[in-house]
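Structure at a glance
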Amino acid sequence: MTTIQDVAAAAGVSRQTVSNVLNSPAIVRPGTREKVEAAVAALGYRPHASARRLRTQKSATIGIRLDPLAADGISGSILDRFLRALTERADRRNLRVLLYTAADATEEIHQFKRLREGADVDAFVLTSTFHGDPRTRWLIENSHPFVTFGRPWGADDETDPQHPWVDVNGRHGISQATTHLLNTGLRRVAYIGWPSPSGTGDDRRMGWRHAMEQSSGLNPGLIASMSAAVDDGVVSGAQAMRELESKFREIDAVVCASDALALGAFMQSGGLIPITGYDNTPVSSSIGISSVDQPIEEVAEGVLELLLGGRNGHAYPEAPGGQPTHRLLEPRLIVRAPLVKVIPTR
């Protein structure tokens, strides 16, 4: 079994320097750190987890909620991808991911207390953020490290250094999807999203509306009426599509806030008009629905970089040296043509 002394010999440094690279990389010069990291990779060295936890009084564990299973099996797939990406990248850093369940924000706070009292986790990663989220407020008030996948959504706290976050620019993604359709000569591009208030949903709706007002040539009143708001899901997407069809004699295309809504709209329309979803799930690719793809691997990497930060391999609430405490990543549009036509669900 490779030891820390073997790594030190291979890198030409002391045993303490190797320990510093593994536990406090920020205090080691970049050139030396790179030599040690190269030796660690070449020798396949992994620190003894139990001994490291005893020495540092850290669990080397990140807690994250396992979200309830979506009824249609589609809406939760993006968080499943994130969980896998986070776990893979945490493992490369010799960290573990602990899953817990909670039905709502209040129950999740109870989980925070339980896991904190038992010293089971060093930090939390939160998902499904919303304005006034009590989970983040509790973690900040109790000085417990965390990063969220999703913005705070408050007007005055998106740049709060106590709330590090990583998110994807949904407004830009939906705007890009809408602009693409308009550039093909279509004009009556409708939108199906979620009821307001919804930080994520309202952000995506604004992307559609901005693109329509800039490039469709339609008056703002008409544009505003070409939008439906329903709860997420395939059945809801079909229902919203029926509402739009009953209000307008002609719809050229539809952009949706999720692939679940897009699938419902696709089934209702029979695939006769372009439908664009969001999240680029396996469902959208198998049917041939265009969709906005979130860079989930980049999100997971960004979460861990903000979470770890170089201080003894564990999280802290405020980045040193004026480093950014949040990241907004850009999605990309995946354009497809439907592979099948279906009988509309009239």
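Right, let's walk through the structure included here. (Residues numbered from 1 in each chain as written. Predicted model: local features only at pLDDT ≥ 70, side-chain atom pairs only at ≥ 80, totals over all residues. Heavy atoms only, no water.)

1. Details of helix H5 (residues 77–92)
Across its 16 residues, H5 extends 23 Å between first and last C-alpha, which sits within 8% of the 22 Å expected from 1.5 Å per residue. Ser77, Ile78, Phe82, Leu83, Ala85, Leu86, Arg89 and Ala90 are the residues of H5 that are buried. Among the structural elements, strand E1 (61–65), strand E2 (96–100), strand E3 (123–127), strand E4 (146–149) and helix H14 (296–308) are those in contact with the buried residues of H5. Backbone geometry just after H5 places asparagine 94 at a positive phi near 60°. (Helix = DSSP H or I, 4+ residues; strand = E, 2+ residues; numbered from the N terminus. Expected span 1.5 Å × (residues − 1). Buried < 20%, exposed > 50% of the residue type's maximum accessible area, 1.4 Å probe, protein only. Contact = heavy atoms within 4.5 Å.)

2. As for the sheet that holds strand E11 (residues 326–329)
Read from one edge of the open sheet, six strands run E2-E1-E3-E4-E5-E11, paired in parallel fashion. Pairing within the sheet leaves two strands with one partner each, and these edge strands are E2 and E11. Geometrically, the sheet is characterised by an average inter-axis angle of 20° between neighbouring strands, direction not taken into account. Summarising the sheet, E1 and E3 pair through three bridges and their orientation is parallel. The residue of E3 that forms the bridge with isoleucine 64 is valine 125. Here H5 sits on the sheet in contact with E1, E2, E3 and E4, set at roughly 145° to E2. Its contacts with the sheet put helix H7 (residues 134–141) on E3 and E4, and the angle it makes with E3 is roughly 160°. (Pairing = 2+ DSSP bridges. Axes fitted to C-alpha atoms, helices over the stretch in contact; angles between N-to-C directions.)

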